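Structural features, examined
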Amino acid sequence: MPSKLTSTDVFELGTTPSLGVVPTKMYASLIRASRYGEPKDAFEVEVVDTPPISSHQVLVMVMAAGINFNNAWAASGKPVDVIAARQKRGESEDFHIGGSDASGVVWAVGDAVTHVSVGDHVVLCCSTWDRYSPDVKAGCDPMFSSSFRIWGYETNYGSFAQFTKVEDFQCFPKPPHLTWEEASSYMLVGATAYRQLMCWPPHTVEPGDPVLIWGGAGGLGTIAIQLVREFGGRPIAVVSDAERAEFCMSLGATGVIDRTEFDHWGRLPDWGDETSFKPWASGVRAFGKKFWEVLGERRNPKIVFEHVGESTIPTSVYVCDTAGMIVICGGTSGYNADVDLRYLWMRQKRLQGSHFATIEQCSKLNQLVIDGRVKPGMAPVGTIEDIGAYHQQMAENTHPPGNMAVIVNAPSAGLTDFSA
Ligand SMILES: NC(=O)c1ccc[n+]([C@@H]2O[C@H](COP(=O)([O-])OP(=O)(O)OC[C@H]3O[C@@H](n4cnc5c(N)ncnc54)[C@H](OP(=O)(O)O)[C@@H]3O)[C@@H](O)[C@H]2O)c1
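First, a word on scope: everything that follows refers to the structure included in this document. (Residues numbered from 1 in each chain as written. Predicted model: local features only at pLDDT ≥ 70, side-chain atom pairs only at ≥ 80, totals over all residues.)

What follows covers the overall build of the chain. Along the chain, the regular secondary structure elements total 13 helices and 18 strands. For the chain, whose C-alpha radius of gyration is 22 Å, the value lies close to the compact-globule estimate of 22 Å for 420 residues. By its C-alpha atoms, the chain is 70 × 45 × 45 Å across when sized along the principal axes. Across the 420 residues that make up the chain, the buried fraction comes to 49%. Partitioning the contacts of the chain with sequence separation of at least 6, the portion at a separation of at least 24 is 71%. (Helix = DSSP H or I, 4+ residues; strand = E, 2+ residues; numbered from the N terminus. Rg over C-alpha atoms; globule rule 2.2 N^0.38 Å. Buried ≥ 20, exposed ≤ 12 C-beta atoms within 10 Å, placed from the backbone. Contact = placed C-beta atoms within 7 Å.)

As structure tokens, this is what we get:
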């Protein structure tokens, strides 16, 4: 603790003041623009002011925080300088507290908050918007509002701190059977996957549907495999090693494909350049045959669950079934989507963008977790000091399979309840 601060200003991680007592300062693992670059160097634990809340906001003591790819982007300052973007909107802070997943205890509420109370155990979702923005007031779906933001990526005061501030609608009941770290790990990837797989009709998972899931052992893939299973589909997961393959099978994948057996990845060669196009075409055909082999039947995926982007999208567009859908929420490998339009229009396929989830979709996903029908697939759990290293692993794709989380203010990992 810095020397001038007393225990009423800030308390040590893993200890707690009396319920509802808000210290003036808090520990946070934060990013500064001067540290943009490798995630392992960008995050540092510092003491900053505890943020005030407004009338519809909730201050949550963060017990555990989930790790997601978005703050690997934030740490690098690319493709968006998240601090500069906020400052352009008039916010003064010169640091970024990331973190878009959390479990914790409601510690203070604004005077207009009605559906949560101090002491409630909650998980948080990362959809946020300005309820007073003209488009929302005019009836626009908040997902499409100009004020829509991802909390803890596009906003400050995310979950990598002792306290986070959120809008009241971001709070959901914590599944009582989960530890704090389990509860902090699933909402962002889970609700994103739920929207991708279940919310773009008529392309929703139905019994018997084959679904191709890129990155099956990653954060999104871990939940996507379970959702496809839950709704009766047949998830085929793509991975890059045997440990990840085994993990996907343990989650209920129908089968796995090791992408390292193929080498046609990357940008689509020019269709007019036969010398380059032919090897690509034979690579993608071999991948398609592998899909049939693993599925046990000559059928293509009705839904291709995409987030890898540049490196895989040409393959996704090719292997997707006639009248099927490629649904994409990210571009880990790059943002250029090369689409051979012949496959898209002749086979009448749909390429659909998808971004996080509505409050209703978060609630449905949360209920599936409460009911034990979807489970967080936990990777080893760290502490607030590990946040930079965990994002580094993620950026390098060397992280362990499953959903990653750190404990923040929980006294230790493995606790299902909170006692002051
Ligand atoms: N828009 C949204 O709302 C939203 C929400 C969540 C995530 N995302 C984005 O989605 C992406 C994935 O998120 P995540 O949490 O699942 O990350 P993750 O845990 O790192 O998993 C991604 C998986 O993708 C695979 N992968 C990485 N590079 C690849 C490549 N070049 N070719 C094929 N596969 C590759 C890896 O699996 P293998 O190496 O085993 O194949 C990895 O496990 C990120 O870019 C993230 O920002 C967007």
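Attention now moves to the site of the ligand. Neighbouring the ligand are 30 residues, the closest being Gly215, Gly218, Gly219, Ser240 and Gly330. Those elements that place two or more of their residues in the shell around the ligand are α6 (187–198), α7 (219–230) and β12 (234–239). Looking at the shell around the ligand, its residues break down into twelve nonpolar, 16 polar and two charged. Lining the shell around the ligand are residues from two domains, each supplying at least three of them: domain 1 (25–186 + 376–407) and domain 2 (190–353). (Near = placed C-beta within 6 Å. Nonpolar A, V, L, I, M, F, W, Y, C, P; charged D, E, K, R; others polar. Domains from an automatic or database assignment.)

With four bridges connecting them, strand β15 (residues 325–328) and strand β16 (residues 350–353) associate as parallel partners. Bridging across to β16, Met325 finds its partner in Arg350. (Pairing = 2+ DSSP bridges.)

Looking now at the nonpolar core. Val60, Ala64 and Val406 are the most contacted members of the largest nonpolar core, which totals 122 residues. The contact partners of Val60, leaving out residues within four places of it in the chain, are Ala102, Gly104, Val105, Val106, Trp107, Val122, Leu124, Phe163, Thr164 and Val166. (Core = buried A, V, L, I, M, F, W, Y, C linked by C-beta atoms within 7 Å.)

With respect to topology, six strands assemble into an open sheet ordered β13-β12-β11-β14-β15-β16, the strand pairing being parallel. Every other strand in the sheet has two partners, leaving β13 (255–258) and β16 as the edge strands with one partner each. Within the sheet, the average angular offset between the axes of one strand and its neighbour, ignoring direction, is 20°. Two elements, strand β14 (residues 303–306) and β15, share four bridges in a ladder whose sense is parallel. Each bridged residue has a counterpart across the sheet, and for Ile303 the counterpart in β15 is Met325. Against the sheet, α7 makes contact with β11 (210–213), β12 and β14, and its axis sits at roughly 160° relative to β12, the strand it touches most. (Axes fitted to C-alpha atoms, helices over the stretch in contact; angles between N-to-C directions.)

Running from N to C, α6 and helix α12 (residues 359–370) cross one another at 110°; their axes reach a closest spacing of 9 Å. In terms of axis orientation, α6 runs roughly perpendicular to α12. In contact with Met187, Gly190, Ala191, Tyr194 and Arg195 of α6, α12 contributes Gln361, Cys362, Lys364 and Leu365. (Parallel < 35°, antiparallel > 145°, perpendicular 65-115°, else oblique.)

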